2 protein chains.
Amino acid sequence: MIATYSISFRGGLASGASALAIEQSLGTKSASREIADEHGARVVEIDEGSGMVRIAFPAVNLGSIPTLLVAVVGEALETQDFDRLRLISLEFPEAWFAPYQGPRFGIKGIRGLLGIADRPLLIAILKPSVGLAPDEAASLAASLARGGADIIKDDELASAVSGHDPVERARAVSEALAWVEAETLRPCVYTANITGPVDGLTEMAESLSDLGNVWPMVAEHAIGLDALRVLAGGSGGIGGDGGASRPILCHRAYSGAVSRSADFGTDAAVLAGLARLCGGDLIHCGGIGGKLFDTHEGALASMASCRRPLAHLKPSLPIIGGGYWAGSVGAVMRAIGDNGFGFVLGSGVTDHPDGAEAGMRSVAIALEAELGGEGIESVLDRPEIARAIDHYGAVWQ
Amino acid sequence: MIATYSISFRGGLASGASALAIEQSLGTKSASREIADEHGARVVEIDEGSGMVRIAFPAVNLGSIPTLLVAVVGEALETQDFDRLRLISLEFPEAWFAPYQGPRFGIKGIRGLLGIADRPLLIAILKPSVGLAPDEAASLAASLARGGADIIKDDELASAVSGHDPVERARAVSEALAWVEAETLRPCVYTANITGPVDGLTEMAESLSDLGNVWPMVAEHAIGLDALRVLAGGSGGIGGDGGASRPILCHRAYSGAVSRSADFGTDAAVLAGLARLCGGDLIHCGGIGGKLFDTHEGALASMASCRRPLAHLKPSLPIIGGGYWAGSVGAVMRAIGDNGFGFVLGSGVTDHPDGAEAGMRSVAIALEAELGGEGIESVLDRPEIARAIDHYGAVWQ
């Protein structure tokens, strides 16, 4: 397995690469020849220009997700001789992926369930983030579904344990969405945030599984990436009979602590790839042009981690957000250049001056106009669009 | 619950504090009065001098460890308006701790099992970090135990799945340590690194539980903090009959990605406190004066997180390391000022020119000299000390 790092080391790049390889594998220079050959990491490239180094780790050292994290983002990062140690990418040999099933549904499976052939998905967040009672959540969800949402998503802060029974809330939302679907003849599903005690995740997902239009959602870095793998594997775990019966939506909250610093930690794209490996079907990849920290290149790299061909793993659907509203749709679509993703919409919909349904409709109208090739300029006379521009400001360029 | 942050926000400190409180609770300014009162976070202090702000989170929003992480180190940290957002401390109301049992053994329990009344523990790491066969590990462990180690610890990279059966290795080490104990009449235990798939942790710990001198060890941030809580709770989980039958050693590897940056993430002391909450009995707190990045103040703060009085939680034993050898002992003890911790020793012991047993003995001699009040200067004529100084350099001041 080849790991690429951006490093700065007090003794220079070559010494840093060597220290990194030793610290993160044998931990000593005095290992036996036999152990060193089988378990020692090796420096394979040093690029003085970019400050990048590539280290080859024996796959035998990387037998589980937690072990992988300790090996590639371990104690070397805590040593003061490194002024920068940032993991940029991981390249695994094909055989390493064998035990990992990845997403159960992937992009095709999600599109099939929603009946959406080839356009970006519209994913609306229930706001306020915490505290909505079942009937309040159901009523807001129905408005958003009428307005054109494909998925109604809990906020990442809406917890399985924040004072309202999440199963009761899911039932209420599920029923409301079924009524709307009977009206509109368009499916809309609810992703219920089940982030909570890790020993209750599978049971919680199973308790929602009789609700056909409810999918589980977790903050995969807060529960621990390997807990996502277990959830996706179902109660049988890896190799068991189980397996998630619905697509799993992954929200990257808490991972900013790992990915935001320019000097230490891991590129967000690496984390998105690990979420895919562990079974995330929809994976939050930050944003392009919104309020989040990702650069265009960074967000596109995270999206590529979700979608690029990789062993037997299905592609996951990247979802992006962070302050999007109707006026963001065109600019974001042009930056991405294809339709294989989802828009995540929060207050850019729910704070619309005419309410959440009008806000959602403003985005659906903008999307339709983009897909038709004429853009938002062709629908400026639609009241939902005009009022959105009044409230949110200029259309993004 | 009061969270203290160091922040820098493009719109100024007061706006940043307000944005943080909103983003990490309601997620909108248009919540109903009722929901805002029950679930909204509030700014309670802004200190323009230090750039610190204090935010009060409703405890009802923080019903599990994963939910807590999303709430206090969540998406606000990913928004580009924050140039710095670093969590410094958490203060919980007493009642919040009720569901958490913390360490099962704590400092007193560990001292009781080892028969050590009041001195720092000596914890030696098996090196090389990965790849030792059962007989090699057993032989090295026996040497270290003869030299005076109280605990023989796997490296954090020694995985449950790296090519050797960890149970077989644990049996071999356990047997070797029992032989040495019969010789020396001093107990020495082995902490076996069971970091690996999270759905196998409890079973792995149980499969070692018939070995009285083997304790489990995990990298708690790599498995996910809540998986530590489940492991410490035993197969019954929270409220169940189970519970760890041995002290659990926690190695903070991977957490540097969260704690190292000066601008983003979380102080290491917060993470140490969470490891205690989740049941860590021995908790790695970085180092003082060694190769790790922690400042003296930072390491002491992590140690305080382990030991300070806190609701019904027992104190955990902080352990520190990072390049220690016999010549480090006095300086580290003076910096700490008491004996309630453990020294973690790696190549500062195993690379001793006369071998691991002599290396371990050099540290035990140095410790005894410190405890006797005369310091290492009184034992410079002991060959283990003289040879250590030849190899490792000057005694730390």
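As a reminder, the structure under discussion sits directly above these lines.
Described below are features of the structure shown in this document.

1. Considerations on the interface of chain A and chain B
Move 1: Across the contact, 74 residues belong to chain A and 74 residues belong to chain B.
Move 2: When chain A packs against chain B, close to 6,100 Å² is buried across both sides, 59% of that on carbon and sulfur atoms.
Move 3: A per-residue breakdown of the area chain A buries against chain B is headed by E78, Y254 and R260 of chain A, which together make up 13% of the total.
Move 4: The shortest N-O distance in the salt bridge between R252 of chain B and E78 of chain A comes to 2.8 Å.
Move 5: Where chain A meets chain B, there are 28 residue pairs in polar contact (both at pLDDT 80 or more).
Move 6: Only α2 (33-39), α3 (65-72), α8 (220-223), α9 (225-233), α10 (256-259) and β10 (264-266) of chain A provide two or more residues apiece to the side of chain A that touches chain B.

2. As for the side chain of S305 of chain B
Residues and elements named next belong to chain B.
Move 1: When you line up the elements, S305 lands in helix α12 (residues 296-307).
Move 2: Among the residues examined, S305 registers a relative accessible area of 13% and is labelled buried.
Move 3: Setting aside chain neighbours within four positions, we find S305 in contact with A269, A272, G273 and R276.

3. What about helix α4 (residues 106-114) of chain B?
Residues and elements named next belong to chain B.
Move 1: Residues G106, I107, I110, R111 and L114 constitute the buried set of α4. All buried residues of α4 project into a common sector of 165° when viewed along the axis, lining one side. Relative to its buried face, α4 has exposed residues pointing more than 90 degrees away, namely K108 and G112.
Move 2: G115 sits one or two positions beyond α4 and adopts a positive phi of about 65°.

4. What to know about the relation of the copies chain A and chain B
Move 1: Superposing chain A onto chain B takes a rotation of 180° combined with a translation of 0.0 Å along the rotation axis, leaving an RMSD of 0.0 Å. One copy is carried onto the other by what is essentially a two-fold rotation axis. Every residue of chain A has its C-alpha some distance from the rotation axis, and the shortest such distance is that of G224 of chain A, at 2.1 Å.
Move 2: Here 100% of the contact residues of chain A are again contact residues in chain B; the copies associate through an equivalent surface.

5. Focus on the nonpolar core
Move 1: Core analysis: the largest hydrophobic core is formed by 245 residues, its most contacted members being Y5 of chain A together with Y5 of chain B.
Move 2: Contacts of Y5 of chain B, omitting those with residues within four sequence positions, involve L20, G51, M52, V53, I55, F57, A71, V72, L85, R86, L87 and I88 of chain B.

6. Points about the environment of L132 of chain B
Move 1: Structurally, L132 of chain B can be placed in the loop between β5 (121-125) and α5 (134-147).
Move 2: Classification of L132 of chain B by relative accessible area gives buried; the value is 6%.
Move 3: Along the primary structure L132 of chain B and T191 of chain B are separated by 59 residues, whereas in three dimensions their C-alpha atoms are 15 Å apart.
Move 4: When residues no more than four places from it in sequence are discounted, the contact partners of L132 of chain B are I35 of chain A together with L126, K127, A137, L140, H164 and R169 of chain B.

7. Here we look at the sheet that holds strand β4 (residues 82-91) of chain A
Residue and element names in this part refer to chain A.
Move 1: A sheet is described by the order of its strands in space; here 5 strands give the open sequence β2-β3-β1-β4-β10, paired in mixed fashion. Edge positions in the open sheet fall to β2 (42-47) and β10, since each of these has one partner strand only. The sheet shows a mean angle of 20° between the axes of neighbouring strands, taken without regard to direction.
Move 2: Inspection of the sheet shows β2 paired to strand β3 (residues 52-56) by 5 bridges, in the antiparallel sense. Looking at the pairing, V43 lines up with I55 of β3.
Move 3: Running at roughly 40° to β4, helix α11 (residues 268-277) makes contact with β4 and β10 of the sheet.

8. Considering α3 of chain A
Move 1: Within α3 of chain A, 8 of the 8 residues are buried, which leaves the element mostly enclosed by the surrounding structure.
Move 2: When α3 of chain A is considered as a whole, its buried residues turn out to be I65, P66, T67, L68, L69, V70, A71 and V72 of chain A.

9. What about the environment of K153 of chain B?
All names here are of chain B.
Move 1: Take K153: it is sitting in strand β6 (residues 151-153).
Move 2: Here the alpha-carbon distance between K153 and I125, two residues 28 residues apart in the chain, equals 4.7 Å.
Move 3: When near neighbours in sequence (up to four residues on either side) are disregarded, K153 contacts I123, A124, I125, L126, T191, M217, L249, H251 and V344.

Cut-offs and rules
- Numbering of residues starts from 1 in every chain and runs along the sequence as written.
- Both sets of labels track the order of writing: A upward for chains, 1 upward for ligands.
- Where totals are concerned, whole chains, interfaces and linings use all residues; where local detail is concerned, this predicted model gives features only for residues with pLDDT of at least 70, and gives and counts side-chain atom pairs only at 80 or more.
- Hydrogens and water molecules were not included; the side-chain quantities draw on all heavy atoms of the structure.
- The contact criterion used is simple: two residues touch if any of their non-hydrogen atoms lie within 4.5 Å.
- Throughout, the accessible surface (probe 1.4 Å) given up by two parts as they are put together, summed over both, is called the buried area.
- The salt bridge criterion pairs a side-chain nitrogen of Lys or Arg with a carboxyl oxygen of Asp or Glu, the two atoms within 4 Å.
- Here a polar contact is recorded for every N or O atom pair within 3.5 Å, except that within protein the pair must consist of a potential hydrogen donor and a potential acceptor, and residues adjacent in sequence are included only if both atoms are side-chain atoms.
- Where helices and strands are cited, they refer to DSSP runs of H or I of at least four residues and of E of at least two residues respectively, numbered from the N terminus.
- Burial status follows relative accessibility: with a 1.4 Å probe on protein chains alone, a residue under 20% of its type maximum counts as buried, one over 50% as exposed, and anything between as partly exposed.
- By construction, the arc corresponds to the directions joining the helix axis to the C-beta atoms.
- For this overlay, a least-squares fit was computed on C-alpha atoms, restricted to residues scoring pLDDT of at least 70 in both copies.
- Side-chain atoms within 4.5 Å are what join buried Ala, Val, Leu, Ile, Met, Phe, Trp, Tyr and Cys residues into a set we call a nonpolar core.
- Here the rule is simple: two strands pair whenever DSSP picks up at least two bridges between them.
- Helix axes are fitted only over the stretch in contact, all axes being lines through C-alpha atoms; the angle between N-to-C directions runs from 0 to 180 degrees.

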